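Each chain, written out:
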Amino acid sequence: MTLLQERKQEIISDYQVHETDTGSSDVQVAILTERITRLSAHLKGNKKDHASRRGLLKMIGQRKRLLAYIMKQDQERYRALITRLGIRG
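Calculation criteria
Residues numbered from 1 in each chain as written. Predicted model: local features only at pLDDT ≥ 70, side-chain atom pairs only at ≥ 80, totals over all residues. Heavy atoms only, no water. UniProt positions renumbered as here; feature names shortened; annotations may be inferred. Helix = DSSP H or I, 4+ residues; strand = E, 2+ residues; numbered from the N terminus. Buried < 20%, exposed > 50% of the residue type's maximum accessible area, 1.4 Å probe, protein only. Contact = heavy atoms within 4.5 Å. Areas by Shrake-Rupley, 256 points an atom, 1.4 Å probe, with all protein chains shown as cover. Lys, Arg positive; Asp, Glu negative; His and termini not counted. Charge placed at Lys NZ, Arg CZ, Asp CG, Glu CD.

- As annotated in an unreviewed UniProt entry, the protein chain carries the name Small ribosomal subunit protein uS15 and is attributed to Pegethrix bostrychoides GSE-TBD4-15B.
- The UniProt entry for the protein chain carries this comment under Sequence similarities (unreviewed entry): "Belongs to the universal ribosomal protein uS15 family."
- The UniProt entry for the protein chain carries the following comment under Subunit (unreviewed entry): "Part of the 30S ribosomal subunit. Forms a bridge to the 50S subunit in the 70S ribosome, contacting the 23S rRNA."

**Quick word on the overall build of the protein chain**
1) Next: Counting its secondary structure elements, the protein chain contains four helices and zero strands.
2) Next: Helices and strands appear in the protein chain in the N-to-C order α-α-α-α.
3) Next: Across its three principal axes, the protein chain shows a C-alpha extent of roughly 40 × 30 × 20 Å.
4) Next: Among the 89 residues that make up the protein chain, the fraction classed as buried is 34%.
5) Next: Considering only contacts within the protein chain whose residues lie at least 6 apart along the sequence, 51% involve residues at least 24 apart.
6) Next: Carbon and sulfur atoms make up 51% of the accessible area of the protein chain, which totals about 6200 Å².
7) Next: Of the side chains in the protein chain, 18 bear a positive and 10 a negative charge, and the two mean positions are spaced by 13 Å.

Below is the structure:
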């Protein structure tokens, strides 16, 4: 269920804003989206894993707050990010 370091580095390099960026909002949303996808797949097979379901809901809430922040700062960047990640629609 956890992200491997190599996969995390790939996500960071794909979504970083500048060369030394490792924690911008875009990168955080991309990493959360990957974790949410993996955890959703886990929960499809393990329906009674309520602790993981709670963690999933917390991650979804965190991603929602980060996306709201990005939308408030720059709407074009927000639209590009959600299109690229394939979320919201």
